[in-house]
Amino acid sequence: MRKMLMALCLVLPAAAFAQVDPCLSQSTTVDMNACAKTDFDKDEKTLNDTYQQLLAQITKPDQDGVRYGEVKKKLIEAQRAWVAFRKKDCDAVYTYNESGSIRNLEFLGCMRGHTVQRTKELKNFIVAK
């Protein structure tokens, strides 16, 4: 029972994301993986652009009781920790699926799901101009 619960915790987030993934309509595993990598790369670029935009936004000197230098330092630390978390979490998904041909697709789906979510989180901090 415990193994079943662990498996569900690892697989359900990636499986839920993959259900709407157009890459699953590809005809071969190689094509599916290439499609998933392309989609992940696009989402990763959006994340990096959003992160850079947020960092640029918090370059002003401390004012009104806000220590912007400390905020920026904490954001950078948090992003580095998040990148490490994402990799380890998706490595677990890969390891769970390592005996199957879908392992790379599941890994990329996990990476993409985390990336899309993190982008949304960072966008919440960006002040519209």
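Up top you'll find the structure we're talking about.
Comments concerning the nonpolar core
- Counting residues in each nonpolar core, the largest one holds 12 residues, listed as Cys23, Met32, Cys35, Ala36, Phe40, Cys90, Val93, Leu105, Phe107, Leu108, Cys110 and Met111.
- At the level of secondary structure, the elements contributing two or more residues to this core comprise helix H2 (29-57), helix H3 (68-96) and helix H4 (103-123).
- Looking at this core, the element that brings in the most residues is H4, giving 5 residues.
- Beyond its immediate chain neighbours, meaning those up to four positions away, methionine 32 contacts Cys23, Leu24, Gln26 and Leu105.
- One finds Tyr51, Leu55, Ile58 and Tyr68 within the second-largest nonpolar core, a separate group that totals 10 residues.

Concerning the side chain of histidine 114
- By the secondary structure assignment, histidine 114 is in helix H4.
- Here aspartate 89 takes part through its side chain, which lies 2.5 Å from a polar atom of the side chain of histidine 114.
- With residues up to four places along the chain from it excluded, the contact list for histidine 114 reads Trp82, Phe85, Arg86, Asp89 and Cys90.

Considering the packing of H3 against H4
- Relative to each other, H3 and H4 sit at 155 degrees, their axes nearing to 8 Å. One way to sum up the angle between H3 and H4 is to call them roughly antiparallel. Taken as a pair, H3 and H4 cross one another with a handedness that is right-handed. Residues Leu75, Ala78, Gln79, Trp82, Phe85, Arg86, Lys87, Asp89, Cys90, Asp91, Val93 and Tyr94 of H3 form the contact with H4, whose participating residues are Arg103, Asn104, Glu106, Phe107, Cys110, Met111, His114, Thr115, Arg118 and Leu122.
- A class-by-class count of the residues in the contact of H3 with H4 yields 11 nonpolar, 4 polar and 7 charged.

Concerning H3
- For H3, spanning 29 residues, the distance from its first C-alpha to its last is 42 Å, which sits close to the expected 42 Å at 1.5 Å a residue.
- Looking only at H3, the buried set comprises Tyr68, Leu75, Gln79, Trp82, Arg86, Cys90 and Val93.

Some details on the state of the cysteines
- Following the criterion strictly, the structure yields 1 disulfide and no others.
- Between the sulfur of cysteine 90 and that of cysteine 110 lies a disulfide, 2.1 Å long from S to S. Measuring the twist about the S-S bond at about -85 degrees, one finds the cysteine 90-cysteine 110 disulfide to be left-handed. Placement of the pair is cysteine 90 in helix H3 and cysteine 110 in helix H4, with a sequence separation of 20 residues. An identical accessibility class is assigned to cysteine 90 and cysteine 110; each is buried.

What counts and how
- Residues numbered from 1 in each chain as written.
- Predicted model: local features only at pLDDT ≥ 70, side-chain atom pairs only at ≥ 80, totals over all residues.
- Heavy atoms only, no water.
- Core = buried A, V, L, I, M, F, W, Y, C linked by side-chain atoms within 4.5 Å.
- Buried < 20%, exposed > 50% of the residue type's maximum accessible area, 1.4 Å probe, protein only.
- Helix = DSSP H or I, 4+ residues; strand = E, 2+ residues; numbered from the N terminus.
- Contact = heavy atoms within 4.5 Å.
- Polar contact = N/O pair within 3.5 Å; in protein donor to acceptor, adjacent residues only side chain to side chain.
- Axes fitted to C-alpha atoms, helices over the stretch in contact; angles between N-to-C directions.
- Parallel < 35°, antiparallel > 145°, perpendicular 65-115°, else oblique.
- Left-handed = near helix turned anticlockwise from the far one by under 90°.
- Nonpolar A, V, L, I, M, F, W, Y, C, P; charged D, E, K, R; others polar.
- Expected span 1.5 Å × (residues − 1).
- Disulfide = S-S within 2.5 Å.

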